[in-house]
Amino acid sequence: MTNITNGMRQSKLFTKTRKEAPADEVSKNAELLVRGGFIHKEMAGVYSYLPLGLRVLNKIENIIREEMNKVGGQEVLMSSFQPKENWEKTGRWEAMDDLYKVSDTSGREVALGPTHEEIVVPILKNFLSSYKDFPLNSSLAIYQIQNKFRMELRAKSGILRGREFMMKDMYSFHTDQKDFEQFYETMKGVYKIIFERVGIGHLTYLTFASGGTFSKYSHEFQTITSVGEDTIYVDEKSGTALNKEVCTDEVLGQMNLKKENLVEHKSIEVGNIFDLKTKYSKPFDLSFTDEKEQKHAVLMGCYGIGLSRLLGAVVEVLSDDKGIIWPESIAPFKIHLLALGDDETVLQEAEKVYENLLKNDIQVLFDDRAGISPGEKFADSDLLGIPYRAVVSTRSMKEEGGIEIKKRTEEKGKIISLNELLLLQKPKA
Ligand code: ATP
Ligand code: MG
């Protein structure tokens, strides 16, 4: 798990908020994230993560890692530079349009990893040759969380579609179809949990999509948003959806769905799971011998989630006209503590609240900046979207309790005491 520190003083934070969106940024997610100082744009589709943005990314990463470990996933970190020979073996050196091909002065060419089948399969080939090399009573699954590179032509959606972006990719390896199917079903449930924990479960649907050449369907997880590039048909009753691309009468019949019950939405794919069968094991001869010394190709599945896209999707669907609204599970901090005005007793009181929050292991961003008007501090707080705003001011200190607390989603706050503030419930996550 990435360790995330509890406290931060805004007076020391090197990033600043900006009132205006960058002129060249057309998407809401990038506009708000850049204005809040979460990310910095390097070029179209390429962003750096700054302290606040990295905290959110790390929290998403920790949730996903926790869920992958629960199903027995073994974490690795594979290389981004990938041998050309491997890509020629699968035919994707020529066939994959968005592959970055990098060459050095000696003329050697390598691929910059857009996905890792060409790496993970040869690695496993070193270790798998017999059915005895597979774990007993569980499935073999390898995963990583890492930056991917793709030559996206339409990189206009902020971090929803990056040329460099963070992905969790898991690959599973099976000796029989039943083991594969069980694991695949488990992963459907795990993905559902992940999107719920990240705070967009209510807008995210398991979606049937075409599986390409090697299987009938794949499953996508689509989050409803007007800026999405996909169109899906949702059946609210069953909680499932179909990608428009596959919505034929035949498919509807097979899925037992009625056209008149489906509602059309724009959506973005935040994750997907695939039955790879032997598509990648065969080119590398990844195989095993069974009890009767018969040789078979290994069956595979793959399971992706775009972490940076997920972060962007949360901003797209959960913000309002004042700024971002982070779900508590992935918010950069739980509490945004504001000291209003430059009155010495207010500052002392706010310092005391800050120290106590830290002592109690509560994550807090402390706006201790001098010479900033209350209006500016409130506007920044709304933009940054931390779930609770706690204000210490001469006005709040006149009342019993002394701290004004307000949820980001509420209009009005109320006065509470330090003890009550410390008792704010921990997120369920
Ligand atoms: P899309 O159809 O949106 O291009 P894809 O089918 O190419 O997605 P996969 O190759 O299956 O996506 O990648 C797995 C996951 O990685 C996707 O579900 C998505 O969440 C994320 N992802 C894919 N491409 C990008 C990108 N350019 N920027 C950010 N995230 C991405
Ligand atoms: Mg793509």
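A. Representation of the packing of helix H1 (residues 28-35) against helix H8 (residues 307-318). Two elements in contact, H1 and H8, have axes whose closest approach is 8 Å; the angle formed by their N-to-C orientations is 95°. Between H1 and H8, the crossing angle belongs to the class labelled roughly perpendicular. Side by side, H1 and H8 meet where Lys28, Asn29, Leu32 and Leu33 of the first sit next to Leu311, Gly312, Val315 and Glu316 of the second.

B. A look at the sheet that holds strand E19 (residues 364-367). Spatially, 6 strands are ordered E1-E19-E18-E20-E21-E22 in an open sheet, and the strand pairing comes out mixed. Only two strands of the sheet have a single partner each, and these edge strands are strand E1 (7-9) and strand E22 (414-416). With direction set aside, neighbouring strand axes in the sheet form an average angle of 25°. Here strand E18 (residues 335-339) pairs with E19 via 4 bridges, running parallel.

C. Just the packing of helix H2 (residues 51-70) against helix H6 (residues 177-198), in detail. Running from N to C, H2 and H6 point in directions that differ by 155°, and their axes come no closer than 10 Å. In terms of their interaxial angle, H2 and H6 are classed as roughly antiparallel. For the pair H2 and H6, the sense of crossing is right-handed. Contact residues: H2 offers Ile63, Ile64, Glu66, Glu67, Met68 and Lys70, while H6 offers Met187, Val190, Tyr191, Ile193, Ile194, Arg197 and Val198. In terms of residue class, the contact of H2 with H6 is built from 9 nonpolar, no polar and 4 charged.

D. Broad picture of the environment of Ala23. Here Ala23 lies in the loop between E1 and H1. Sequence separation between Ala23 and Tyr280 is 257 residues, and the spatial gap between their C-alpha atoms is 44 Å.

E. Broad picture of the site of ligand 1. With respect to spatial proximity, 13 residues lie near ligand 1, and among them Arg150, Glu152, Gly162, Glu269 and Asn272 are the closest. Between an oxygen atom of ligand 1 and a main-chain N or O atom of Val270, the distance comes to 3.0 Å. In the model, an oxygen atom of ligand 1 is placed 3.5 Å from a nitrogen or oxygen of the Gly271 main chain. In isolation ligand 1 offers 580 Å² of accessible surface; the protein chains occlude 81% of this area.

F. The pattern of salt bridges, seen in detail. Considering all chains together, one arrives at 31 salt bridges under this definition. For Glu67, the salt bridge is made with Arg197, and the minimal N-O distance between the two is 2.7 Å. Taken together, the residues span a long stretch of sequence, with Glu67 in helix H2 and Arg197 in helix H6 at a distance of 130 residues. Judged by relative accessible area, which is 3%, Glu67 ranks as buried. Among the ionic pairs, Asp285 bridges to Lys295, the shortest N-O distance being 3.3 Å. Of this pair, Asp285 sits in the loop between strand E14 (262-277) and strand E15 (287-289) while Lys295 sits in strand E16 (residues 295-297); the two residues are 10 residues apart in sequence, bridging distant segments of the chain. One network of salt bridges, with partners in common, ties together Arg9, Glu351, Glu355 and Asp368.

Basis of the calculations
Residues numbered from 1 in each chain as written. Chains lettered and ligands numbered in written order. Predicted model: local features only at pLDDT ≥ 70, side-chain atom pairs only at ≥ 80, totals over all residues. Heavy atoms only, no water. Axes fitted to C-alpha atoms, helices over the stretch in contact; angles between N-to-C directions. Helix = DSSP H or I, 4+ residues; strand = E, 2+ residues; numbered from the N terminus. Parallel < 35°, antiparallel > 145°, perpendicular 65-115°, else oblique. Contact = heavy atoms within 4.5 Å. Pairing = 2+ DSSP bridges. Left-handed = near helix turned anticlockwise from the far one by under 90°. Nonpolar A, V, L, I, M, F, W, Y, C, P; charged D, E, K, R; others polar. Near = heavy atom within 4 Å. Polar contact = N/O pair within 3.5 Å; in protein donor to acceptor, adjacent residues only side chain to side chain. Areas by Shrake-Rupley, 256 points an atom, 1.4 Å probe, with all protein chains shown as cover. Salt bridge = Lys/Arg side-chain N within 4 Å of Asp/Glu carboxyl O. Buried < 20%, exposed > 50% of the residue type's maximum accessible area, 1.4 Å probe, protein only.

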